Amino acid sequence: PVWLKCRTAQATRSTRQAAGTLERHPIKRMTSVVDTKVAIRTYKAALKEKGADASAAERKALVNGVSKAVKSECAPYVEDFFGCFQHRFALNSCTDATVGKMLKCQEQFSAQLLASH
């Protein structure tokens, strides 16, 4: 039956997602990173050309781009953190490492993006 196929597909997806083998929207993430790299170049060019005061729009685009890219790249760690937060860190899987992994991902990925140009 169709309903069984849907449930099986959902269960398979959930299992792969839990195992970390299912990527969420890889094309969207790639576009976000590419757009962010363009925003970095644009901001640096505007900073040289106009100075710090005149490049507010470019800075805003850069901050939004980095934020979205980091959000999509570190989503599994953020989900783990909020799962722990919702259960008041009472789950066995909720350790200091849960928070540490999320922060490490966010720090390393944003640093990598900003250092790439």
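Residues numbered from 1 in each chain as written. Predicted model: local features only at pLDDT ≥ 70, side-chain atom pairs only at ≥ 80, totals over all residues. Heavy atoms only, no water.

1. Re the state of the cysteines
Working definition: the covalent bond between the sulfur atoms of two cysteines is a disulfide.
So, point 1. Counted according to the given criterion, the structure contains 2 disulfides.
So, point 2. Note that Cys74 is cross-linked by a disulfide to Cys105, the S-S spacing being 2.1 Å. Here the S-S torsion is close to -90°, and the disulfide linking Cys74 with Cys105 is therefore left-handed. In this pair, Cys74 is assigned in the loop between α3 (56–73) and α4 (75–86) and Cys105 in helix α5 (residues 96–115), connecting sequence segments 31 residues apart. (Disulfide = S-S within 2.5 Å. Helix = DSSP H or I, 4+ residues; strand = E, 2+ residues; numbered from the N terminus.)

2. Topic: the packing of aromatic side chains
So, point 1. Counted by the stated rule, this structure contains 4 aromatic pairs.
So, point 2. Summarising the aromatic geometry, the rings of Phe81 and Phe85 are spaced 6.2 Å apart at their centres and angled 25° between planes, so their arrangement reads as stacked. Note that Phe81 and Phe85 are positioned in helix α4 at a spacing of 4 residues, about one turn of the helix.
So, point 3. Here the aromatic rings of Phe82 and Phe85 are separated by 6.3 Å at their centres, their planes lie at 80°, and the arrangement is edge-to-face. Pair noted here: Phe82 and Phe85 are both in helix α4, with a separation of 3 residues, about one helical turn.
So, point 4. Here the aromatic residues Phe81, Phe82, Phe85 and Phe89 are joined through ring pairs into a cluster of three or more. (Phe/Tyr/Trp six-rings, centres within 6.5 Å; stacked < 30°, edge-to-face > 60°.)

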